[in-house]
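If you want the building blocks of each chain, they are given just below.
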Amino acid sequence: MTLEAQTPSAVRPARPRRPWFLRQINGTVGAALLAVVLIGALMGYVWVPYDPVEPNFLKRFEAPSLAHLMGTDQWGRDVFSRILAGARASVTVALATVALAVSVGTIVGGLSGYFGGWADRFVMLLTDALLAFPGLLLALAVMAVAGPSQLGVIVALGLSYAPSVLRLVRGTVLSVREREFVEASRAVGDPALYTLFRHVLPNCTAPLIVMGTALFGSALLAESALSFLGLGIPPPAPTWGNMLAESRGDFVTAPWLALFPGLAISIALLGINVFGDALRDRLDPRMRGLDVRP
Amino acid sequence: MWAHVARRTAMMVPTLLVVSIIVFALIRAIPGDPAEIMLNDLDSDAAVAAMRTELGLDRPIPVQYAIWIGNVLTGDLGTSIRTGQPVAEALFDRLGVTATITALAIGVAVLLAIPAGLIAAWKQDTFTDAAIIGVSILFLSLPSFWLGLMMIWLFAITLGWLPAIGFVSISEDFVGGLRYLIMPVATLALVEMAVVARMMRAQTLEVLRLDYVTHARAKGLPESLVLTRHVARNALGPAVTVIGLILGGLLGGASVTETVFSIPGIGRLLVDAIYARDYPVLQGCLLLIAFIYVCVNLLVDLAYAVLDPRVRL
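The rules behind each value
- Residues numbered from 1 in each chain as written.
- Chains lettered and ligands numbered in written order.
- Predicted model: local features only at pLDDT ≥ 70, side-chain atom pairs only at ≥ 80, totals over all residues.
- Heavy atoms only, no water.
- Helix = DSSP H or I, 4+ residues; strand = E, 2+ residues; numbered from the N terminus.
- Buried < 20%, exposed > 50% of the residue type's maximum accessible area, 1.4 Å probe, protein only.
- Contact = heavy atoms within 4.5 Å.
- pLDDT = per-residue confidence, 0-100.
- Buried area = accessible area lost by both parts, 1.4 Å probe.
- Salt bridge = Lys/Arg side-chain N within 4 Å of Asp/Glu carboxyl O.
- Polar contact = N/O pair within 3.5 Å; in protein donor to acceptor, adjacent residues only side chain to side chain.
- Nonpolar A, V, L, I, M, F, W, Y, C, P; charged D, E, K, R; others polar.
- Expected span 1.5 Å × (residues − 1).
- Bend = angle between axes of the 7 residues up to and from the residue.
- Patch = residues over 30% accessible without salt bridge, like charges linked within 9 Å, V, L, I, M, F, W, Y side chains within 5 Å.
- Areas by Shrake-Rupley, 256 points an atom, 1.4 Å probe, with all protein chains shown as cover.
- Phe/Tyr/Trp six-rings, centres within 6.5 Å; stacked < 30°, edge-to-face > 60°.
- Core = buried A, V, L, I, M, F, W, Y, C linked by side-chain atoms within 4.5 Å.
- Axes fitted to C-alpha atoms, helices over the stretch in contact; angles between N-to-C directions.
- Left-handed = near helix turned anticlockwise from the far one by under 90°.
- Parallel < 35°, antiparallel > 145°, perpendicular 65-115°, else oblique.

## A few points about the overall build of chain B
Stage number 1. Broken down by element type, chain B carries 12 helices and zero strands.
Stage number 2. Over its C-alpha atoms, taken along the principal directions, chain B stretches across nearly 85 × 55 × 35 Å.
Stage number 3. Across the 313 residues in chain B, those meeting the buried criterion constitute 49%.
Stage number 4. Put simply, 70% of the contacts in chain B that link residues at least 6 apart link residues at least 24 apart.

See below:
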């Protein structure tokens, strides 16, 4: 038990400033982990050691070695190469999803909140209904319509996340709409759309960055989950999710098949979570209020 | 208070109506003709046409929706194309399994996470705090399907302590059933625990800085009483709202966990329905899960209003 915990608060000294490594560790570690994932994804685009798709039946189920850092799978394909190619798929899908959700959410939410009226009520009704499908549910339903494909995953997840972005943007717009600088912009005769995009929406930037980071993680996880279920990006194109699904038959004899794709997802998510926390501490005023540092 | 309850409940109706329209529209948008899927290729065009008439597929779409929603409201969700079982019956059978696992996971997560979050905040910036945050963020980053696979590998295959996959109802064989439940519940609970613990910590930090906490300490109240009576009680209200969130995560992710452990729950039913293009079952699953989620969120909102009367203003 520390002294601090026993001291009655009336005489409690001001809380000491956190040591530097605690203040900086989140951002640094998170950024480093994210960098590893992004470099992996870039390598997936530019160069991988072996062909990630072409089978090689002479090299099935080789344990990790110097030649094959993460071993080979049931088709004799190099797992490390597939992880890199999978990083490319996951990161691409996640970025595209966030871009789609943020653009749709910002534009619709901004217009809806700024102009109000029956269109706003309709948008809110639709948003509430879309948010009634928890987690993967809406994405699963859309994938049932679209069939497994990369574009399908992007659209399904983009649609799933857009309502959350929309709500965030609309809320900010509603609170900013009546402020003096907006009124000033209207008073000097700016067109409404100009006022909205120039003076109102920039106020959403900080919370949108925080939310976008979190959504990037959610999209990455959701894509893996969909691919794991066989409803995401179809084999033979490697993704971390479908690699895990394919490992299920053989991971008793070849545990590395399940180990590495899962580790890849975890590292990516850990990076995003840790980095996102640091980002939120710095950017989101609400959270900054919570975490007052003397 | 009752006016608040009535108003919030009434607000559900339009939402659920739009939910049903979305579900109906999505299913209609699936390529392929349900009548042809139900029959095999050898059947004549006349048989397909007859089936279309029987299914009502030849009527205008708004009429089809009206008939369908009327049936849904009277509890008739149609019959499964694959098994011929009434959908409502299939849903009911599977829901129990998912509900058991979900309820246990929430229970375990909340019981462990609330004290953990409270202690982390109380010992802010100490090693204990760092450890609790660190472990939480680690579990938050493990995909449940991978955690599940690794648990199977460790506890079932390598150590042989637990059965790898499957499900036995605890009403039939209590001890055996529990053995099947441990890994799925642990998988779900560990991830959700992280969410609750982080939320509880943030809320506690906020409450700890309030004047009445200083006052309670100043009047000499033992720290344990300050924490339980003043801090925990006030931090708990907002933390309760995450239970709605967790339930969403669990229901929305049930398909994945139930696939990993081969559990015959509603999530597995939904995924199988997608594979088999069993539209009535898919519709039923989507509607039921959305309905449960909306109801639980309503309950959470109401509970929040009870715990914190200021909300009602």
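## Examining the confidence of the model for chain B
All names here are of chain B.
Stage number 1. In the predicted model, chain B carries a mean pLDDT of 82, and 94% of its residues have values of at least 70.
Stage number 2. Predicted confidence in chain B is weakest over helix 2 (residues 34-38), with a mean pLDDT of 68, and strongest over helix 11 (residues 266-275), with 90.
Stage number 3. Reported for the predicted complex are a pTM of 0.85 and an ipTM of 0.85.

## Digging into the interface of chain B and chain A
Frequently, the measure chosen for interface size is the accessible area that the parts lose on association.
Stage number 1. Of the residues lining the interface, 54 residues belong to chain B; the matching set on chain A comes to 55 residues.
Stage number 2. When the two sides are added together, the surface that chain B and chain A hide from each other amounts to roughly 4,800 Å², 72% of it contributed by carbon and sulfur.
Stage number 3. Where chain B packs against chain A, one counts one salt bridge.
Stage number 4. We note a salt bridge from arginine 198 of chain B to aspartate 277 of chain A, for which the minimum N-O separation is 2.8 Å.
Stage number 5. At the surface where chain B touches chain A, the tally comes to seven residue pairs in polar contact (both at pLDDT 80 or more).
Stage number 6. Elements with a contribution of two residues or more to the side of chain B that touches chain A: helix 1 (2-29), helix 6 (127-140), helix 7 (144-158), helix 8 (174-208), helix 9 (211-218), helix 10 (223-260), helix 11 and helix 12 (279-307) of chain B.
Stage number 7. In terms of residue class, the side of chain B that touches chain A is made up of 37 nonpolar, nine polar and eight charged.

## Quick look at helix 8 of chain B
Stage number 1. Taking 1.5 Å per residue as the helical rise, helix 8 of chain B with its 35 residues ought to reach 51 Å, whereas the 43 Å between its terminal C-alpha atoms falls clearly short.
Stage number 2. Its axis deflected by about 35° at leucine 181 of chain B, helix 8 of chain B carries its strongest bend there, up to four residues before the proline proline 184 of chain B.

## Considering a nonpolar patch on the surface
All names here are of chain A.
Stage number 1. On the surface, a nonpolar cluster with roughly 910 Å² of combined accessible area is contributed by Leu100, Val104, Ile107, Val108, Leu111, Phe115, Leu151, Val155, Leu159, Leu193 and Phe197.
Stage number 2. The residue phenylalanine 197 is located in helix 8 (residues 192-200) in this model.
Stage number 3. For phenylalanine 197, a relative accessible area of 43% translates into the label partly exposed.

## So, the environment of histidine 199 of chain A
All names here are of chain A.
Stage number 1. One can find histidine 199 in helix 8.
Stage number 2. Expressed as a C-alpha distance, the spacing of histidine 199 and glutamate 180, which sit 19 residues apart in the sequence, is 11 Å.
Stage number 3. Aside from chain neighbours lying at most four places away, what touches histidine 199 is Phe181, Ser185, Asp190 and Tyr194.

## What to know about the side chain of glutamine 64 of chain B
Residue and element names in this part refer to chain B.
Stage number 1. With respect to the helices, strands and loops of the structure, glutamine 64 is situated in helix 4 (residues 61-73).
Stage number 2. For glutamine 64, a relative accessible area of 9% puts it in the buried group.
Stage number 3. Side chain to side chain, glutamine 64 and arginine 28 meet in a polar contact 2.3 Å long.

## Topic: the packing of aromatic side chains
Stage number 1. Applying the stated rule across the entire model yields six aromatic pairs over all chains.
Stage number 2. Centroid distance tyrosine 114 of chain A to phenylalanine 115 of chain A: 5.2 Å. Interplanar angle 85°. Geometry classified as edge-to-face.
Stage number 3. Here the aromatic rings of phenylalanine 228 of chain A and phenylalanine 145 of chain B are separated by 4.9 Å at their centres, their planes lie at 25°, and the arrangement is stacked. Taken together, the positions of phenylalanine 228 of chain A in helix 9 (residues 205-228) and phenylalanine 145 of chain B in helix 7 put the pair across two chains. Both residues of the pair, phenylalanine 228 of chain A and phenylalanine 145 of chain B, belong to the buried class.
Stage number 4. Of the aromatic side chains, those joined through ring pairs into one cluster are Phe24, Tyr65 and Trp68 of chain B.

## Side note on helix 11 of chain B
The α-helix winds at 3.6 residues per turn, so residues separated by three or four positions along the chain end up facing the same way.
Residue and element names in this part refer to chain B.
Stage number 1. Of all the 10 residues making up helix 11, eight are buried; the element is thus mostly covered by neighbouring parts of the structure.
Stage number 2. All buried positions along helix 11 are accounted for by Ile266, Gly267, Arg268, Leu269, Leu270, Val271, Ala273 and Ile274.
Stage number 3. Where helix 11 terminates, the next one or two residues include arginine 277, which has phi positive at roughly 50°.

## Let's talk about the pattern of salt bridges
A side chain with one charge can pair with a side chain of the opposite charge if their charged atoms come near.
Stage number 1. As enumerated under the stated definition, the model contains 10 salt bridges over all chains in all.
Stage number 2. The shortest N-O distance in the salt bridge between arginine 167 of chain A and aspartate 128 of chain A comes to 2.4 Å. Within this pair, whereas arginine 167 of chain A is found in helix 6 (residues 150-176), its partner aspartate 128 of chain A is found in helix 4 (residues 117-131), the two being separated by 39 residues in sequence.
Stage number 3. Note on aspartate 128 of chain A: relative accessible area 26%, which makes it partly exposed.
Stage number 4. Notably, a salt bridge pairs aspartate 272 of chain B with arginine 268 of chain B, separated by 2.9 Å at the nearest N-O pair. Of this pair, aspartate 272 of chain B and arginine 268 of chain B both sit in helix 11, four residues apart, roughly one helical turn.
Stage number 5. One connected set of salt bridges, linked through shared partners, spans Arg77, Arg82 and Glu246 of chain A.

## Structural notes on the nonpolar core
Stage number 1. Of all hydrophobic cores here, the largest spans 158 residues; its most connected members are Trp240 of chain A together with Leu270 and Leu282 of chain B.
Stage number 2. The residues contacting leucine 282 of chain B, other than those within four sequence positions of it, are Ala144 of chain A together with Ile27, Ile30, Leu270, Ala273 and Ile274 of chain B.

## A look at the packing of helix 9 of chain A against helix 10 (residues 240-247) of chain A
Residue and element names in this part refer to chain A.
Stage number 1. One way to put it is that helix 9 packs onto helix 10 with a least axis distance of 7 Å and a crossing angle of 35°. In the packing of helix 9 onto helix 10, the handedness of the crossing is right-handed. Only Trp240, Gly241, Asn242, Leu244 and Ala245 of helix 10 make contact with helix 9, whose side of the interface consists of Leu220, Ser224, Ser227 and Phe228.
Stage number 2. Here the residues of the contact of helix 9 with helix 10 sort into five nonpolar, four polar and no charged.

## Focus: the packing of helix 5 (residues 137-146) of chain A against helix 12 of chain B
Stage number 1. The interhelical angle for the contact between helix 5 of chain A and helix 12 of chain B, taken along N-to-C directions, is 160°, at an axis separation of 11 Å. When the axis of helix 5 of chain A is compared with that of helix 12 of chain B, the two are roughly antiparallel. Both helix 5 of chain A and helix 12 of chain B take part in a crossing whose hand is left-handed. Seen from helix 5 of chain A, the contacting residues are Leu137, Ala141 and Ala144 of chain A; seen from helix 12 of chain B, they are Leu282, Leu286, Ile289 and Ala290 of chain B.

## A word on the side chain of threonine 15 of chain B
Stage number 1. Relative to the elements of secondary structure, threonine 15 of chain B occurs in helix 1.
Stage number 2. In this structure threonine 15 of chain B touches Leu125, Asp128 and Ala129 of chain A, once residues within four positions along its chain are discounted.

## Brief notes about unusual backbone geometry
Stage number 1. Going from proline 235 of chain A to proline 236 of chain A, the amide bond is cis rather than trans, its omega being 10°.
Stage number 2. You can see proline 236 of chain A is positioned in the loop between helix 9 and helix 10.
Stage number 3. Its identity as a non-glycine residue notwithstanding, serine 262 of chain B has a phi of 50°, on the positive side.
Stage number 4. Its place among the elements puts serine 262 of chain B in the loop between helix 10 and helix 11.
Stage number 5. Unusually for a residue other than glycine, arginine 277 of chain B sits at a positive phi of about 50°.
Stage number 6. With respect to the secondary-structure elements, arginine 277 of chain B resides in the loop between helix 11 and helix 12.

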